[in-house]
Amino acid sequence: MTAATEISGPGVSSDPATMLTDATRWRTIETVFWLCALLPFWLAPTHLQLASQIAITALFAISLDLILGYAGIVSLGHAAFFGLGAYAAGLLSVKLGWGEQVSGLLIAATAAGIAGYLTSLVVCRFRHLALIMITLGIGVMLHEIANTSHGLTGGADGLQGIKMWKLLGAFALDIYGYVAYSYALIALFVCFLVARRITQSPFGMVLQSIRENE
């Protein structure tokens, strides 16, 4: 009897490829959850702006879950990249007059990704308490830079003068938040699919291995 056969049980495949394929199948609870995400359009049509903020925060939580939940790497400065992406998209509109949302989202993600890569050259050299303090320090440092750079970020008053174009050139942002929530929900769903695929891939297994044994 092989080792693979020994660890297999009823209904459990010993083939890693088959296990990953089974993991990618959608479960009923996932389908129900995303259908419930559509309910604010009917149950709370006057609170769609709040629903948009919840969807944006959920997107932030998904990104944090990849590093903390799967890889087990504690980060107290994750919000810095969230802010960098927001400023990148905002400055694109204020300084260059570019208010197209989809490309703005991609540029924001790219800017945050580049910043994440550069800081990783320092962060990945540390572990445990030192790692926590380094990530916290990076977050605080970037926060103070944003607060003191009044000419660029608006400082504590925030970035003013952001103007967004019609979504895909056809859907104008309305005061009730129908377009904003639709856009935020679609972006969240697409990023969820990407994150779901990452976690259920060989790379995702490596992330979990890092968490279990550095």
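Residues numbered from 1 in each chain as written. Predicted model: local features only at pLDDT ≥ 70, side-chain atom pairs only at ≥ 80, totals over all residues. Heavy atoms only, no water.

Asks: Is there a simple way to think about the confidence of the model for the protein in this case?
Replies: For the protein, per-residue confidence averages 84 on the pLDDT scale, and residues scoring 70 or more make up 90% of the total. Under a pLDDT of 50 for its full length, residues 1-10 has, in the predicted model, 4 contacts with residues more than four places off or in other chains. (pLDDT = per-residue confidence, 0-100. Contact = heavy atoms within 4.5 Å.)

Asks: When you look at the side chain of Thr119 in this model, what are you seeing that I'm missing?
Replies: Residue placement: Thr119 occurs in helix H7 (residues 101-123). Within the structure, the side chain of Thr119 is placed 3.0 Å from the backbone oxygen of Ala115, a separation counted as a polar contact. Every residue in contact with Thr119, bar those within four places of it in the chain, is listed here: Phe81 and Ile138. (Helix = DSSP H or I, 4+ residues; strand = E, 2+ residues; numbered from the N terminus. Polar contact = N/O pair within 3.5 Å; in protein donor to acceptor, adjacent residues only side chain to side chain.)

Asks: Please clarify how the environment of Ile162 should be interpreted in this entry.
Replies: Considering the arrangement of structural elements, one finds Ile162 in the loop between helix H9 (150-153) and helix H10 (178-199). Note: C-alpha distance between Ile162 and Leu129 (33 residues apart in sequence) is 39 Å. Look past the residues within four positions of Ile162 in its chain and what remains in contact with it is Gly90, Ser93 and Val94.

Asks: Just checking my understanding: could you explain the nonpolar core for this structure?
Replies: One recurring pattern in soluble globular proteins is that nonpolar side chains are buried together. Ranked by size, the top nonpolar core spans 11 residues in total: Trp34, Ala37, Phe41, Leu48, Ala51, Ala55, Tyr181, Ala184, Leu185, Leu188 and Phe192. For this core, the secondary-structure elements that each account for two or more residues are helix H5 (48-70) and H10. Ranked by residue count, the leading element in this core is H10, at 5 residues. Beyond its immediate sequence surroundings of up to four residues, Phe192 is in contact with Trp26, Glu30, Trp34 and Ile62. (Core = buried A, V, L, I, M, F, W, Y, C linked by side-chain atoms within 4.5 Å. Buried < 20%, exposed > 50% of the residue type's maximum accessible area, 1.4 Å probe, protein only.)

Asks: Quick question: what am I supposed to make of the packing of aromatic side chains here?
Replies: Any two aromatic rings considered together are summarised by their centre-to-centre distance and by the angle between their planes. Inspection of the entire model under this criterion finds 10 aromatic pairs. Centroid distance Trp34 to Phe192: 5.2 Å. Interplanar angle 55°. Geometry classified as tilted. Residue Trp34 is found in helix H3 (residues 28-36), and its partner Phe192 is found in helix H10; the two are separated by 158 residues along the sequence. Grouping residues by exposure puts Trp34 and Phe192 together as buried. Ring plane angle 50° and centroid distance 5.1 Å describe the contact between Phe41 and Tyr181, whose orientation is recorded as tilted. (Phe/Tyr/Trp six-rings, centres within 6.5 Å; stacked < 30°, edge-to-face > 60°.)

Asks: Quick question: what am I supposed to make of the side chain of Glu100 here?
Replies: Examined against the element boundaries, Glu100 turns out to sit in the loop between helix H6 (78-96) and H7. We note that Glu100 is buried and unpaired, the nearest opposite charge coming from Lys166 at a distance of 13 Å. Side-chain polar atoms of Glu100 contact the backbone nitrogen of Val102, separated by 3.3 Å. Other than its neighbours up to four places away in sequence, Glu100 contacts Trp165 and Leu168. (Lys, Arg positive; Asp, Glu negative; His and termini not counted. Salt bridge = Lys/Arg side-chain N within 4 Å of Asp/Glu carboxyl O.)

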